[in-house]
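Listed here are the chains, written in short residue letters.
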Amino acid sequence: MITFRDVHVTYPTGTKGLDGVSLEISDGEFVVVVGLSGAGKSTLVRAINGLVPVTAGELEVNGRRVDGASKRELRRLRGEVGMIFQSFNLVTRVSVLNNVLMGRLARTSTLATLVGAYGSANKDIAFDALERVGIIEKAYTRASQLSGGQQQRVAIARVLAQQAGVVLADEPVASLDPPTAHAVMSDLRRVQRELGITTVVNLHFLDLARSFADRIIGMRAGKVVFDGTADQADDSVFEDIYGRSLRADDVVAAPPVTIDPEDRA
Amino acid sequence: MTATATERLGERTPLRPPKPAPRWAMWAGVGVAAIISVYCLWAIEFTLRPLVTDLTNGQEVLRQFFDPNWAFAWRVRDQWLVTVEIAVIASLIGCAFALVLALMASRVTAPTALYRVMKLVLAVQRSLPDLAWVLLFVTVVSTGPLAGILALIMFNIGVAAKLTAESIDAVDPGPVEAAQAVGANALQRARVAVVPQVMPSFVSYSFYVFELNIRASLVIGMGGGGGIGEVIRVQLASFSYANISAVVAVLIVVVFALDQLSRTIRRRLI
Amino acid sequence: MSEVTTQRPHPPSKLPKTLGMLATLAVLLVCIWAVNAPWSRLLDAPGIFGDYLRLMSEGVLANPTADPHQGYWVSALQYMLESLQMAWVGTMIGAACSFPVAFLAARTISPAPVVAVTRMILNVIRAVPELIIAVAIMMPIFGFGPLAGALALGVGSIGTLGKLSSEAIEAVDPRPVEAVSSTGGNKLQVIWWGVVPQALPEILAFWLYRFEINIRAGAILGLLGAGGIGSILSQLFQRRVWDRIGVTLIVIIVVTVIVDQISARVRHRIIAGPKGSLTPGREPMAEMG
Ligand SMILES: Nc1ncnc2c1ncn2[C@@H]1O[C@H](COP(=O)(O)OP(=O)(O)OP(=O)(O)O)[C@@H](O)[C@H]1O
Ligand SMILES: [Mg+2]
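All values reported here derive from a predicted model rather than from experimental measurement.

(A) Quick peek at the site of ligand 1. Residues and elements named next belong to chain A. In the neighbourhood of ligand 1, the contacting residues comprise Tyr11, Thr13, Thr15, Leu36, Ser37, Gly38, Ala39, Gly40, Lys41, Ser42, Thr43 and Glu171. A distance of 2.9 Å is found between an oxygen atom of ligand 1 and a backbone nitrogen or oxygen belonging to Gly40. Here ligand 1 has 630 Å² of accessible area as a free molecule, and 62% of this is covered by the chains. A breakdown of the residues in the shell around ligand 1 according to their chemical character gives three nonpolar, seven polar and two charged.

Next up, the structure:
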């Protein structure tokens, strides 16, 4: 359960990232956040694991307060909240397995980390995670030798290795080609269902948002301007969120129904 | 006309070279450099006249240099070994320290206060020339290889830590952020997300440092730190240039060979 | 999901890595044993070093306007100034000689035989220690003093500056060069208008970098009588006048750190331009030795 109570985020530059957001995300929900560039999607997601500090209001994740948490408390919280990035953020020079083992860091002692001794229990967890995303055979391959889609699956496995109850994903498929984007989203959705993980995903393709989300949250200028089921989010809702009519580049692969013919040119 | 051609090319391609600084800054810089140059030439009484008047003074020394006493270079083989041993110990230990210090001297891996302090410490440490370090350690542990090792360790830390810290500053921040997001502490982040990224540069800096240590063996020995430089010091005192010449020729060959060797090893490791 | 363990790939052998580490460790231990250094002295070293440090700081903290400490500061500054002068003139000589040579050593500019010969000469110069250039050539002709030192540093600088500058010249963007040649310029015009403007910032940065290195490299020349801070340093250590050594070392540190900072700023400004928008150029230090 993630609860925002009138959360504000103001960056040191004075820019308002979040402007009075109140939300409740229940356990096991798959929430997709949409909005134009600069709307505050990344800020919303990063506030949840404290990568961006909340400047006013209350933010609670699984009963733990994120705002005002100490460094140690934040580390514990982050151990239970997984994060997937647009650019995968793997350590490309080490093996896939070592990347997945990163998910165990919050539960590994510093000394064990320094000497690289993760223990067989952690390794079993990492292998299970790789198995779930279907790339166990790449365990000992250098991450740099994987395709983009495979790298993002490794990142998903890293999150699974955390055995996290909450997963955050900031534009997880924006660097992938359309078929791969669909495949990776399907994988994410599948493991999310299997394990009942609460998931918050930023997407800017509305067809992906519609086909994968339980719930869609629309943002504009740091505020939540739409909050409803995927079925409720029809084209007019998106036009409302975006403040403009829809365009061809708002979708990954243009399904015929969603595009206003006038805007295709 | 040439300018417009270049400009049009530049428009088409974003790779255009950096815009030159405004002219006043450039001319001010040129002016200052010219003034300093004139002053320095005057201060050290720069002249090339001795090339005409005293050229013959150098003949005897040069003649001996071009007639190296090869037997001597072999006779001092024990000192060659000492030089290599000093270089191996100093570069391995120095670089190990340097890696740790570099992690403390980068904003990627250290808190602001710590990395500012460490950057200053390293700047101070690098400012002392190798000669000063040997002279200092000779007074502490007396002449011999131990002083040479300690001096070179200090010297190596200065070089390797600075270069490595700069590589750390430039690592891809993505994996570091990912490590932060899984709840890793600062040491874990450094070990898991930073060290693997800088390892290739660190390894090549270490080879470079080893090579520098062989080159520096002359200075080290002249200052009292043992090894082949000590031989040079003794031979200089007795003006035995033919002996010096042989030793230096061998040194040059050794440095050259090490350069090739380290290049091959680096290529295979990275 | 225990049945999946059978699908796990085999881990690659750790043997090469382990062997490499063991070999390195073995080499280190053999060297430590073979070098036959009085390692036990390391136990007393921190105490002795602490004592010396205390004596040195007494000199540094003493009233600098009273004798004899005023004299210590003044003479240390004078010697350091001489070191800077030697390094500057050495860099000037190196820069002036290496600039034309760099074009001869650039594959994109000169014919292959010229490049090969020039590079070989540069490599030989780079290989000969400045110490030897000073002893064998400069001091017999120019005598003792900073002039011989500056000339030795200058010749030594030609090697590295020539090599690095030629690499910078080879790395210039060829499109502006083509643009100039397409207007029908002769070779010299092409170099002057197409190549030099692009390569100059980096080459200037190399010169400054070499200046920083020459400040340090000059120390050993001083020991031989070629002027600068090195000429006084060894005498002071022999006489163990700790308060004066302290003053001298502080002067070296402060002056060098300040000069390094200024030089680094100027280099950054030259390479990145006034806004500093570009990432700084690669540090050439790793090839400067
Ligand atoms: N580190 C930062 N410092 C200052 N301002 C920031 C910072 N990060 C984001 N902002 C500003 O906060 C606002 C919200 O940014 P955010 O990154 O959350 O947008 P977004 O919806 O994720 O956009 P995009 O789709 O481009 O990723 C923007 O105006 C942005 O410029
Ligand atoms: Mg974003």
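(B) Quick peek at the sheet that holds strand E3 (residues 30-35) of chain A. Residues and elements named next belong to chain A. With mixed pairing, the six strands of this open sheet are ordered in space as E6-E7-E8-E3-E9-E10. Of all strands in the sheet, those bounded by a partner on one side alone are strand E6 (81-84) and strand E10 (223-229). Here the strands of the sheet are splayed against their neighbours by 20 degrees on average, with no regard to which way each runs. Packed onto the sheet, helix H2 (residues 71-80) meets E6 and strand E7 (166-170) and runs at close to 70 degrees relative to E6. The strands touched by helix H7 (residues 178-195) within the sheet are E3, E6 and strand E8 (198-202), with E3 carrying the most contacts at an inclination of about 145 degrees.

(C) Geometry of the packing of aromatic side chains. All names here are of chain B. Per the stated rule, a full pass over the model turns up 12 aromatic pairs over all chains. Measuring from centroid to centroid gives 6.1 Å for Trp133 and Phe137, while their planes differ by 20 degrees, and the two rings are stacked. Placement of the pair is Trp133 and Phe137 together in helix H8 (residues 130-141), with a separation of four residues, close to one helical turn. Through a chain of ring-to-ring contacts, three or more aromatic side chains come together here, namely Phe65, Phe239 and Tyr241.

(D) The interface of chain B and chain C, seen in detail. Taken together, the contact between chain B and chain C spans 75 residues of the former and 74 residues of the latter. Summed over both sides, the interface between chain B and chain C buries roughly 6400 Å², with carbon and sulfur atoms accounting for 80% of that surface. Counting every contact that joins chain B to chain C gives zero salt bridges. Looking at the side of chain B that touches chain C, its residues break down into 58 nonpolar, 10 polar and seven charged.

(E) Fine view of the environment of Thr43(A). Residue and element names in this part refer to chain A. Following the sequence through the fold, Thr43 ends up in helix H1 (residues 41-48). When the C-alpha positions of Thr43 and Leu160 are compared, they lie 23 Å apart, and in sequence the two are 117 residues distant. Setting aside residues up to four positions removed in sequence, Thr43 forms contacts with Val9, Tyr11, Gly17, Leu18 and Val52.

Reading guide: rules and limits
- Residues numbered from 1 in each chain as written.
- Chains lettered and ligands numbered in written order.
- Predicted model: local features only at pLDDT ≥ 70, side-chain atom pairs only at ≥ 80, totals over all residues.
- Heavy atoms only, no water.
- Near = heavy atom within 4 Å.
- Polar contact = N/O pair within 3.5 Å; in protein donor to acceptor, adjacent residues only side chain to side chain.
- Areas by Shrake-Rupley, 256 points an atom, 1.4 Å probe, with all protein chains shown as cover.
- Nonpolar A, V, L, I, M, F, W, Y, C, P; charged D, E, K, R; others polar.
- Pairing = 2+ DSSP bridges.
- Helix = DSSP H or I, 4+ residues; strand = E, 2+ residues; numbered from the N terminus.
- Axes fitted to C-alpha atoms, helices over the stretch in contact; angles between N-to-C directions.
- Contact = heavy atoms within 4.5 Å.
- Phe/Tyr/Trp six-rings, centres within 6.5 Å; stacked < 30°, edge-to-face > 60°.
- Buried area = accessible area lost by both parts, 1.4 Å probe.
- Salt bridge = Lys/Arg side-chain N within 4 Å of Asp/Glu carboxyl O.

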